[in-house]
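# Inside the fold
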Amino acid sequence: MDERDSYRGRVGEHRIPRGIVAEATARTMFTLTRHPPAPELAEFVDYHWILRWDRTGKPPYEQRVLPNLAVHVTFFPGASGVHGPARDVFSHRLTGRVQGLGVRFRPGCFRAFLGRPVRDIADRTVPLAAVFGPAAARTAESVQSARDDTEMAGAVDNLLIANPVRLSPAAREAAEVVESIARDPGITRVAQLCADTGLTTRSVQRMFAEHVGCPPKWAIRIYRLNDAAQRLVTEGQPDYAGLAVRLGYSDQSHFIRDFRTVTGLSPAEYVRTARADGGGEPDSDRT
């Protein structure tokens, strides 16, 4: 995965739960770049990510990505859509020669575009036109015919700016609560999140359903397990019991169950997959 990052700033200031499975092989399969959105979209969008691959004359490749909290809007041949927050590992089959762009929205900030609770699209993909109207199809065509990254990002920025929306105070608060989790790895329970934000458990639950699209307990779990996946790959001899303690789990078996729920693999299986794949330290900039 040849990755170049033209966007620093908010993205580099906190943890973003994201993880490409079998990264060493992925580096050889596609290129990934990230770019800032237009200034008008900075409140809503973390970044644009652009993928290119060429499997012409080569066998297809199945790429898996760990679940995360963000809504992603994608413009790829046969895979365009609005992807809600996911509980399952995402898998995509790479074939042919393709370029495309995805938008990573800040968790808590997509409701203004969607016009209804984000929980309605959790674990679902809805057509672009259902959210952005018929202009989305023209934007997808522009992305495919673009000569460079700037043209691709510009076409998508224009689509998002065409119907201006405002970030409501409630959405802003939801985004800030997610930021609390991102800033502080010590938040491992909803009670700690409530103490950090001064909100009641019920208020946080309603807020997450409306603006984030998943329960706060799941959001915290996603951050913890993405952290675990990175550490497992980078540690020479993983200490599963010690890692469970550092991540705030009461025992190793609970950690293993959670890890399998999120990744589809036990920690040991995940490590074997990474090492069979070539291992190595993961890139810090992933979708």
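Bear in mind that the values here come from a model prediction, so they are computed numbers and not experimental data.

Turning next to the packing of aromatic side chains. Within this structure, the stated rule accounts for 11 aromatic pairs. Relative to F113, the ring of F44 has its centre 5.3 Å away and its plane inclined at 80 degrees; by these criteria the two rings are edge-to-face. Within this pair, whereas F44 is found in the loop between β2 (31–35) and β3 (45–54), its partner F113 is found in helix α3 (residues 111–114), the two being separated by 69 residues in sequence. Like F113, F44 is buried. Ring centres of F110 and F132 lie 6.4 Å apart, and the angle between their planes is 65 degrees; on these two criteria the pair is classed as edge-to-face. Here F110, found in the loop between β8 (97–105) and α3, pairs with F132, found in helix α4 (residues 128–132); they are 22 residues apart in sequence, far enough to count as distant.

Next up on the list: the pairing of β2. Strand residues, when the strand is regular, have side chains that alternate between the two faces of the sheet. Among the 5 residues of β2, 4 are classified as buried, and the element is accordingly described as predominantly covered. Where β2 lies against β3, 5 bridges are found, and the strand directions are antiparallel. Following the sheet pairing, H35 is matched in β3 by H48.

A full pass over the atoms with the stated rule returns 12 salt bridges. We note a salt bridge from R119 to E210, for which the minimum N-O separation is 3.9 Å. With R119 in the loop between α3 and β9 (125–126) and E210 in helix α9 (residues 201–212), this pair connects stretches of sequence that are 91 residues apart. Linking R221 and D258 is a salt bridge whose minimum nitrogen-to-oxygen distance equals 3.3 Å. Of this pair, R221 sits in helix α10 (residues 216–234) while D258 sits in helix α12 (residues 252–263), placing them 37 residues apart in sequence.

Now for the confidence of the model for the protein. Taken over all residues, the pLDDT of the protein has a mean of 87, while the share at 70 or more is 89%. For the stretch residues 6–12, pLDDT sits under 50, and the model shows 20 contacts to residues farther than four places along the chain or on other chains. Segment residues 279–287: pLDDT under 50, and 37 contacts once partners within four positions in sequence are set aside and those in other chains are kept.

Another aspect to go through is the nonpolar core. Judged by nonpolar contacts, the single largest core of 52 residues is most densely connected at F30, L193, F208, F255 and F259. Every element with two or more residues in this core is listed here: β3, α7 (169–183), α8 (190–197), α9, α10, α11 (240–246), α12 and α13 (267–276). Ranked by residues supplied to this core, first place goes to α10 with 9 residues. Each residue touching L193, except ones within four places of it in the same chain, is listed here: V177, S180, I181, I187, V204, F208, P216 and I220. If you look at the next biggest cluster of nonpolar residues, it comprises 34 residues, including V45, V103, F132 and L159.

Another aspect to go through is the environment of L243. Looking at the element boundaries, L243 is found in helix α11. On the basis of relative accessibility, which here comes to 0%, the residue L243 falls in the buried class. Sequence separation between L243 and A228 is 15 residues; the distance between their C-alpha atoms is 7.4 Å. Setting aside its immediate chain neighbours within four residues, L243 contacts A228, R231, L232 and F255.

Criteria and cut-off values
What you see as residue numbers is a count from 1 along each chain, following the sequence as written. Per-residue local features of the predicted model are confined to residues with pLDDT of at least 70, and side-chain atom pairs are confined, for both listing and counting, to 80 or more; whole-chain, interface and lining totals are unaffected and use all residues. Each side-chain value is derived from all of the structure's non-hydrogen atoms; neither hydrogens nor water enter the calculation. Each Phe, Tyr or Trp ring (for Trp, its six-membered ring) is paired with any other whose centre lies within 6.5 Å, and the angle between the two planes then decides the class: stacked below 30 degrees, edge-to-face above 60, tilted in between. Each helix is a run of DSSP H or I of at least 4 residues and each strand a run of E of at least 2, with the numbering of both proceeding from the N terminus. Throughout, exposure labels follow a simple rule: accessible area from a 1.4 Å probe, protein chains only, divided by the maximum for the residue type, with under 20% read as buried, over 50% as exposed, and the rest as partly exposed. Here, a strand pair is defined by DSSP locating no fewer than two bridges between the strands. Salt bridges are defined as contacts in which a side-chain nitrogen from Lys or Arg sits within 4 Å of a carboxyl oxygen from Asp or Glu. Values of pLDDT, ranging from 0 to 100, describe the predictor's confidence in every residue of the model. Throughout, a residue-residue contact means that at least one pair of heavy atoms, one from each residue, lies within 4.5 Å. For the purposes of this section, nonpolar cores are sets of buried Ala, Val, Leu, Ile, Met, Phe, Trp, Tyr and Cys residues that join through side-chain atoms within 4.5 Å.

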